[in-house]
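Next come the chains, spelled out residue by residue.
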Amino acid sequence: MPVGLMPLSTITWEDAIRYLVLNKADVILWHENWVVHSATWETQVPSVMMLREYMKPKMSVRFSRGNVYLRDEGKCMYCSDRIERKVATLDHVVPVSKGGKTTWDNCVTACAPCNSAKSDKQKGWKPKIKPHKPDYYELLNKRKKQEFNIRYTEWQQFIQ
Ligand SMILES: [Zn+2]
């Protein structure tokens, strides 16, 4: 299996330098105007690197509000409105007060008005899409579909 370019795994510049120093990755692109210094040497900061050893992408996805938002494609699962990530809330389909768990199959993205109208009710509030645990590729594909800020324009070519 070829070494994958994993544009979605962004690392800090400190880690990038560490990979470089440990000779674990090849640099594909450098930041042109970003040079870091230590006492004894200086280097440009890598912008895109390819790890020498293939790293198996984690197939299991972590439960988080952000990943639920991604799974639900940024939409309120009750009124279907698109919501910004900053204001999206996590709704428990079966309310916590009724024993609902914070799990992939009991949590959906909801806008604040729906979430507060629903409160701890369950009757009459059915999510548009039955919540499920996504796999890695589902989230990856959904992530690709979303508009998101690309921090550096030279990344664009690796993301399409
Ligand atoms: Zn809503």
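Residues numbered from 1 in each chain as written. Predicted model: local features only at pLDDT ≥ 70, side-chain atom pairs only at ≥ 80, totals over all residues.

### What to know about the overall build of the chain
Applied cut-off: Strands here are runs of E lasting at least two residues and helices are runs of H or I lasting at least four, both read from the DSSP assignment and numbered beginning at the N terminus. Three exposure classes are used, based on other C-beta atoms lying within 10 Å of a residue's own C-beta, which is placed from the backbone: buried for 20 or more, exposed for 12 or fewer, and partly exposed in between. Think of it this way: build a C-beta for each residue from its backbone, and any pair within 7 Å is a contact.
Scanning the chain for helices and strands turns up five helices and four strands. In sequence order, the secondary structure elements of the chain are arranged as α-β-β-α-β-β-α-α-α. Taken over 160 residues, the chain has a buried fraction of 14%. For the chain, the proportion of contacts with a sequence separation of at least 24, taken over those separated by at least 6, is 62%.

### Details of the nonpolar core
Just so we agree on the cut-off: In these notes, a nonpolar core means any group of buried Ala, Val, Leu, Ile, Met, Phe, Trp, Tyr and Cys residues linked to one another through C-beta atoms within 7 Å.
Of all hydrophobic cores here, the largest spans 14 residues; its most connected members are Cys76, Met77, Tyr78, Val108, Ala110, Cys111 and Cys114. Of all the secondary-structure elements, those providing two or more residues to this core are α2 (65-71) and β4 (107-110). If we ignore the near neighbours within four places in the chain, the residues touching cysteine 114 are Cys76, Tyr78 and Cys79.

### A closer look at the pairing of β4
So the rule is basically this: Two strands make a pair as long as DSSP finds a minimum of two bridges between them.
Neither face of β4 is exposed, since Cys107 and Thr109 on one face and Val108 and Ala110 on the opposite face are all buried. Here four bridges tie strand β3 (residues 89-92) to β4, and the two strands are oriented antiparallel to one another. What sits directly across from histidine 92, in β4, is cysteine 107.

### Focus: unusual backbone geometry
With a phi close to 50°, glutamate 73 is a non-glycine residue in the positive phi region. Within the secondary structure, glutamate 73 sits in the loop between α2 and β3. The backbone of serine 119 shows a phi angle near 50°, a positive value even though the residue is not glycine. If you trace the backbone, serine 119 turns up in the loop between α3 (112-118) and α4 (136-145).

### Section: the confidence of the model for the chain
Condition: For every residue, the pLDDT score states the predictor's confidence, bounded by 0 at the bottom and 100 at the top.
Overall, the prediction assigns the chain a mean pLDDT of 80, with 79% of residues at 70 or greater. Across the chain, element-level confidence peaks in β4 with a mean pLDDT of 97 and bottoms out in helix α5 (residues 156-159) with 54.

### Focus: the environment of threonine 43
In this structure, threonine 43 sits in strand β2 (residues 42-51). Separated by 26 residues in sequence, threonine 43 and isoleucine 17 place their C-alpha atoms 8.5 Å apart. Apart from the residues within four sequence positions on either side, threonine 43 is in contact with Ile17, Val35 and Val36.

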